[in-house]
Amino acid sequence: MSVQYEGLTFERLGHASVRIDTGELVIYVDPWSDMLDGQPRDGDVVFVTHDDPDHYDPDAIRAVARDDADVVVYEAVDTSALDREVTPLAYDGSLSVRGIAVEALPAYNRSDGDHVDEHGDPFHAEREVVGLLLTFDDVTVYFTSDTDFLPVHNHLQADVFLPPIGGHYTMDRHEAAEFAASVAPDLVLPVHYNTFEAVETDAEAFAEEVAGSGIRVELF
């Protein structure tokens, strides 16, 4: 299923892998081989937010990227296994690629929160992950990546909002609904859920909760 918004077509390939078609460019965010059907090799731009294997997958990048694609990777990721040139994205950094304005935003699990391992360490520590705020002409699209809803996020706004809702490794659906209300987007497209047991959730209940705030939600 694909969803359209202001000339952009969004497709959730599965898990947190998303494809965006602007009509002129094809963009992939965090492509993962387990979620791909074949090797489309149609991507003009590929973004990677962190080095978890379900987000940074060199084989998936090779499968989706054109030979001349721009591959933009968070600078903390070791890209030595990727046999092509990459554009590093700094923590709190910004850049422009193919006319898309890109801003890196904080993304992590709180050490005093629920999303920690058996040793009490956050699954995603500060500076291990970045979210992405992408601007296509006048449309802003916010991929939070793997994170909790943090105080630093309170000022953020976007037209399209893509939060994880599966819990365990990231915010759960209730926290994501609070985050969505704070961002006040026109459209919410949840990701990172129902891929495997640890991230199973009631996506319909999330959609109902967010829609109660007057925000459009699509389970794409």
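Rules of the game
- Numbering of residues begins from 1 in every chain and follows the order in which that chain's sequence is written.
- A pLDDT threshold of at least 70 governs which residues receive local features in this predicted model, and a stricter bar of 80 or more applies before side-chain atom pairs are shown or counted, although totals over entire chains, interfaces and linings include all residues.
- Computation of side-chain values: all heavy atoms of the structure, hydrogens and water removed.
- For the purposes of this entry, the term helix denotes a DSSP run of H or I that reaches at least four residues, the term strand denotes a run of E that reaches at least two, and both are numbered from the N terminus.
- With C-alpha atoms as the basis for the radius of gyration, the globule rule is written as 2.2 Å multiplied by the number of residues raised to the power 0.38.
- Only protein chains enter the accessibility calculation, which uses a 1.4 Å probe. A residue is then buried if its area is under 20% of the maximum for its type, exposed if over 50%, and partly exposed in between.
- Only heavy atoms matter for contacts: two residues are in contact if any of them lie within 4.5 Å across the pair.
- In summary, the charge assignment counts Lys and Arg as positive and Asp and Glu as negative, without counting His or the chain termini.
- By convention, the point assigned to a charge is CZ for Arg, NZ for Lys, CD for Glu and CG for Asp.
- Two strands qualify as a pair provided that DSSP identifies no fewer than 2 bridges between them.
- The angle between two axes is taken between their N-to-C directions and runs from 0 to 180 degrees, where each axis is a line fitted to C-alpha atoms and a helix contributes only its stretch in contact.
- Definition used for salt bridges: Asp or Glu carboxyl oxygen within 4 Å of a side-chain nitrogen of Lys or Arg.
- Among buried residues, those of type Ala, Val, Leu, Ile, Met, Phe, Trp, Tyr and Cys that are joined through side-chain atoms within 4.5 Å constitute a nonpolar core.
- Two rings from Phe, Tyr or Trp (for Trp, the six-membered ring) form a pair when their centres sit within 6.5 Å of each other. Planes less than 30 degrees apart are called stacked, planes more than 60 degrees apart edge-to-face, and all others tilted.
- In this analysis the charged atom, NZ for Lys or CZ for Arg, is taken to sit over a ring once it is within 6 Å of the ring centre and within 35 degrees of the ring normal.
- The labels follow the angle: roughly parallel below 35 degrees, roughly antiparallel above 145, roughly perpendicular from 65 to 115, and oblique for the rest.
- Definitions for this section: a left-handed crossing has its near helix turned counterclockwise from the far helix by less than a right angle. A right-handed crossing has that turn clockwise.

Q: Pulling in residues and values, what's your account of the overall build of the chain?
A: Along the backbone of the chain there are three helices and 14 strands. Relative to its length of 220 residues, the chain is compact, with a C-alpha radius of gyration of 16 Å against a globular reference of 17 Å. For the chain, the C-alpha atoms occupy an extent of roughly 40 × 40 × 30 Å along the three principal directions. Taking all 220 residues of the chain together, 55% fall into the buried category. Of all intrachain contacts in the chain linking residues separated by at least 6 positions in sequence, the fraction that spans at least 24 positions is 55%. If the 11 positive side-chain charges of the chain are averaged to one point and the 46 negative ones to another, these points end up 7 Å apart.

Q: Give a detailed account of the sheet that holds strand E6 (residues 65-74), specifying residues and quantitative values.
A: Read from one edge of the open sheet, seven strands run E1-E2-E3-E4-E5-E6-E7, paired in mixed fashion. Of all the strands in the sheet, just strand E1 (2-5) and strand E7 (87-89) have a single pairing partner and so form its edges. Taking the axes of each pair of neighbouring strands and ignoring which way they run, one obtains an average angle of 20° across the sheet. Examined bridge by bridge, strand E4 (residues 26-29) and strand E5 (residues 43-48) share three bridges and lie parallel to one another. Across the sheet, the residue bridging to valine 29 is phenylalanine 47, located in E5.

Q: Could you give an account of the pattern of salt bridges, with specific residues and numbers?
A: According to the stated counting rule, one finds 12 salt bridges in the structure shown. One salt bridge connects aspartate 148 with arginine 110, and the closest N-O pair in it is separated by 3.9 Å. Separated by 38 residues along the polypeptide, aspartate 148 in the loop between strand E11 (139-143) and strand E12 (160-162) and arginine 110 in the loop between strand E9 (100-107) and strand E10 (129-136) bring together distant segments of the chain. We classify aspartate 148 as buried; its relative accessible area is 1%.

Q: Before we move on, can you summarise the nonpolar core with the specific residues and values?
A: One broad rule of soluble globular proteins: the nonpolar side chains tend to lie buried together. In terms of nonpolar packing, the biggest core is built from 48 residues, with Phe10, Ile27, Phe47, Ile100, Val141, Phe143 and Leu162 touching the most fellow members. With six residues, the top contributor of residues to this core is E6. In this structure, isoleucine 27 is in contact with Val18, Arg19, Ile20, Thr22, Val45, Phe47, Ile100 and Phe136, ignoring residues within four places of it in sequence. Leu105, Phe161, Phe206 and Val217 belong to the second largest nonpolar core, which has 22 residues in total.

Q: Let's hear about the pairing of E1: which residues, and what values?
A: Look at any regular strand and the pattern is simple: side chains alternate between the two faces of the sheet. A one-sided burial pattern is seen for E1, the buried positions being Val3 and Tyr5 and the unburied ones Ser2 and Gln4. Here E1 hands over to strand E2 (residues 8-14) after two residues, with glutamate 6 in that stretch at a positive phi of 50°.

Q: Please give an account of the packing of aromatic side chains that cites residues and values.
A: A full pass over the atoms with the stated rule returns seven aromatic pairs. With a centroid separation of 4.8 Å and an interplanar angle of 70°, the aromatic rings of phenylalanine 123 and tyrosine 169 are classed as edge-to-face. One end of the pair, phenylalanine 123, is in the loop between E9 and E10; the other, tyrosine 169, is in the loop between E12 and helix H2 (173-183), with 46 residues separating them in the sequence. Taking the centre distance of 4.9 Å and the plane angle of 65° together, the rings of phenylalanine 161 and phenylalanine 179 count as edge-to-face. Linking phenylalanine 161 in strand E12 with phenylalanine 179 in helix H2, this pair joins segments that are 18 residues apart in sequence. Judged by its relative accessible area of 0%, phenylalanine 179 falls in the buried class. Here the aromatic residues Tyr142, Phe149, Phe161 and Phe179 are joined through ring pairs into a cluster of three or more. Geometry around tyrosine 193 places arginine 12 over its ring, the cationic atom sitting 4.2 Å from the centre.

Q: Lay out the packing of H2 against helix H3 (residues 203-211) in plain terms, naming residues and giving numbers.
A: Contact pair H2 / H3: the axes reach a minimum separation of 10 Å and the direction vectors enclose 25°. Here H2 is positioned roughly parallel relative to H3, judged by the angle of their axes. Considering the relative orientation of H2 and H3, their crossing is right-handed. Of the residues in H3, those touching H2 at Arg173, His174, Ala176, Ala177 and Ala180 are Ala205, Phe206, Glu209 and Val210.

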